[in-house]
Amino acid sequence: MTTTRTFPEGFLWGGAIAANQAEGAWNVAGKGISTADTAMNKKNISKSDYKKQNAVSSEQLAAALEDQSTVNYPKRRGIDFYHRYPEDLALMGEMGIKTLRTSIAWTRIFPNGNETQPNEEGLLFYDRLLDEMIKNGIEPLVTLSHYEMPMYLVDHYGGWTSREVVDIFVRFTTTVFNRYKDKVKYWITFNEIDGIVRHPFTNGGIVPDRFENVEQAVYQALHHQFIASAYAVKLCHEIIPDAQIGCMLTSLLHYPHTCNPLDVLAAHKNNQFNLFFTDVQVRGTYPGYIERYFREQGITIEKAEGDSDLLKEYTADFISFSYYNSFVASADSEGLETVSGNTMGGVKNPYLPVSDWGWQIDPIGLRLALNHLYSRYQVPLFIVENGLGAYDNVEEDGTISDPYRIEYLRSHIEQMHEALLDGVEIMGYTVWGIIDLISYSSSEMEKRYGLIHVDQDNDGNGTLERRRKESFFWYQNLISNNGL
Ligand code: BGP
């Protein structure tokens, strides 16, 4: 084990949030309603509906659109980052982070998506937000699409299944590149683009009961996102020549349950499928194994003339990814203990502890993921999400002690450093949920990732006061020593 843990000069230590989980203010300043604004608090919906939460039904959506109550729809209120960002960014500046990853809510700029003129008030908000980041010494890292899209496009176009949405997205992208070209030099196209397979509604605006063959719809929508992502790369390079733009993947590293070749093959297939998305976005073509899958499933993707050239020419500058846990694959999982608590499931790994939400904690998996990605693609990598969702306790004196979070972050950063020593090129590391926010999967508040605490419960009660956790000071110290 090495003991010197310095990181390269200029390493981007940071934090990450997303507009839909933090901003709130869902219906102010001309903002349109987005898919995220329809996500209910897990506690307020029945168990069977919860399972379908990320694959909502038409009725659920209609009810959400009618319901103006903000209690059941936590992403509508977020943590009020929309109004409190000056205070939050000052705290993050104090923590010393070099970069903050956030996203732009499409519905603030184009409320329905298909307008020809942007909403100036929405643009002004991001002007102020980005200026404030820069004022605090924080480099903006902006995701163009993080788990949301205008509801109007879902209802009138079928979400990303429509090719027209590519042009609509290109208009949004062109608008924000032109507007923020002097402020933002790091961009990400689609958050966890692979998620569309697991969460068609969240990632693709696909309401399953409106499609005869949902899988076909999903892959068609994904193709449109690949194309939109390639256009974003092209436009970014044209409009902001000194910027870099990356794709974004959920790292879902699978180990074989045993050395039985069948288990090894099962793990290999899962890992290969996980890399299908970066194969297209970085290598620029659909790989053979996915073409085979499409053939076997009878899936046909409609491609326009020039699509293949576009994918080939405008590949991502870097790969960003989220890493939370690893998985175990088995050819025959009958009778084996499985993991609950995440949408991926899989066989339980007896060697790994789990989080309060049942996610398997595996720092070495991060080193492996970094090595795998780098040896396959040889492009810079950026860890843009890593962190621990846990219950936190505020002591009577207002302090919050979270050694479990510190240990999670410390051990992952240690393994990231091992990967650097292995020769992997890493641009930066942003802690997911640098400030407590609404959980994506459960829409709850109590699953906290933050190094800054926010006083709010699942039902939206609380003062919204911000407090520094013990991990805040730990990370501050780590950054000031560049990871030493
Ligand atoms: C990623 C998403 C984030 C975030 C994180 C944690 O998949 O990109 O938006 O929320 O996971 O997940 P959760 O909030 O469900 O714990």
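Computed from a predicted model, the values in this text were never measured in an experiment.

The rules we used
Residues numbered from 1 in each chain as written. Predicted model: local features only at pLDDT ≥ 70, side-chain atom pairs only at ≥ 80, totals over all residues. Helix = DSSP H or I, 4+ residues; strand = E, 2+ residues; numbered from the N terminus. Rg over C-alpha atoms; globule rule 2.2 N^0.38 Å. Buried ≥ 20, exposed ≤ 12 C-beta atoms within 10 Å, placed from the backbone. Contact = placed C-beta atoms within 7 Å. Expected span 1.5 Å × (residues − 1). UniProt positions renumbered as here; feature names shortened; annotations may be inferred. Pairing = 2+ DSSP bridges. Axes fitted to C-alpha atoms, helices over the stretch in contact; angles between N-to-C directions. Near = placed C-beta within 6 Å. Nonpolar A, V, L, I, M, F, W, Y, C, P; charged D, E, K, R; others polar. Core = buried A, V, L, I, M, F, W, Y, C linked by C-beta atoms within 7 Å. Parallel < 35°, antiparallel > 145°, perpendicular 65-115°, else oblique. Left-handed = near helix turned anticlockwise from the far one by under 90°.

### Remarks on the overall build of the protein
Along the protein, the regular secondary structure elements total 18 helices and twelve strands. Against the globule reference of 23 Å for 484 residues, the protein gives a C-alpha radius of gyration of 21 Å, in line with a compact fold. Dimensions along the principal axes, computed over C-alpha positions, put the protein at roughly 60 × 60 × 50 Å. In the protein, buried positions account for 49% of the 484 residues. Summarising the internal contacts of the protein: among those between residues at least 6 apart in sequence, 77% fall at separations of at least 24.

### A word on the environment of P86
Examined against the element boundaries, P86 turns out to sit in helix α5 (residues 81-95). For P86, a count of 13 C-beta atoms within 10 Å corresponds to the partly exposed category. In this structure, the C-alpha to C-alpha distance between P86 and R128, residues 42 residues apart in sequence, is 9.3 Å.

### Some thoughts on α5
Taking 1.5 Å as the rise per residue, α5 with 15 residues should run 21 Å; its terminal C-alpha atoms sit only 17 Å apart, a clear shortfall. Residues of α5 that are buried include every one of F81, Y82, R84, D88, L89, L91, M92 and M95, and no others. Residue G96 follows α5 closely and has a positive phi angle near 95°.

### Focus on the UniProt feature "active site" (unreviewed entry) in the protein
This chain's UniProt record puts "active site" (unreviewed entry) on E385. Not counting residues up to four positions away in its chain, the partners in contact with E385 are A16, S322, T430 and W432.

### Quick notes on the sheet that holds strand β1 (residues 12-16)
Here eight strands make up a closed barrel; going around it, the order is β1-β2-β3-β4-β5-β7-β9-β10 and the pairing parallel. The sheet shows a mean angle of 25° between the axes of neighbouring strands, taken without regard to direction. Here β1 pairs with strand β10 (residues 426-432) via five bridges, running parallel. By the bridge assignment for β10, A16 is matched with W432. The strands touched by helix α13 (residues 276-283) within the sheet are β5 (244-250) and β7 (318-322), with β5 carrying the most contacts at an inclination of about 165°.

### Concerning the site of the ligand
Every one of the 14 residues lining the ligand counts as a neighbour, but E192, G389, S439, Y440 and S441 are closest to it. Among the residues forming the shell around the ligand, the class breakdown is four nonpolar, seven polar and three charged.

### Some thoughts on the nonpolar core
I104, I319, L370, L381 and I434 are the most contacted members of the largest nonpolar core, which totals 128 residues. By residue number, the principal contributor to this core is helix α11 (residues 214-239), which donates twelve residues. The residues contacting I104, other than those within four sequence positions of it, are A19, I109, Y126, V142, L144 and V176.

### Re the packing of helix α9 (residues 164-180) against α11
Their axes nearest at 10 Å, the elements α9 and α11 cross at an angle of 25°. One finds that α9 runs roughly parallel with respect to α11. Both α9 and α11 take part in a crossing whose hand is right-handed. Seen from α9, the contacting residues are V165, V166, F169, V170, T173, T174, F177 and N178; seen from α11, they are H224, I227, A228, Y231, A232, L235, C236 and I239. In terms of residue class, the contact of α9 with α11 is built from twelve nonpolar, four polar and no charged.

### Some thoughts on the pairing of β7
With five of five residues buried, β7 lies mostly within the body of the structure. Burial along β7 is two-sided: the face carrying F318, S320 and S322 and the face carrying I319 and F321 are both buried. Across four bridges, β7 lies against strand β9 (residues 381-385) in parallel orientation. For I319, the partnering residue across the bridge sits in β9 and is L381.

### A look at the environment of Y231
Topologically, Y231 is positioned in helix α11. Accessibility expressed as a C-beta count within 10 Å gives 19 for Y231, which makes it partly exposed. Counting along the chain gives 63 residues from Y231 to F294, while the straight-line C-alpha distance between them is 24 Å.

### Considering the environment of L370
Tracing the sequence through the fold places L370 in helix α16 (residues 363-377). What makes L370 buried here is the crowd of 24 C-beta atoms within 10 Å. Remark: the alpha-carbon pair of L370 and I426, spanning 56 residues in sequence, is separated by 8.6 Å. Every residue in contact with L370, bar those within four places of it in the chain, is listed here: L381, M416, A419, V424 and I426.

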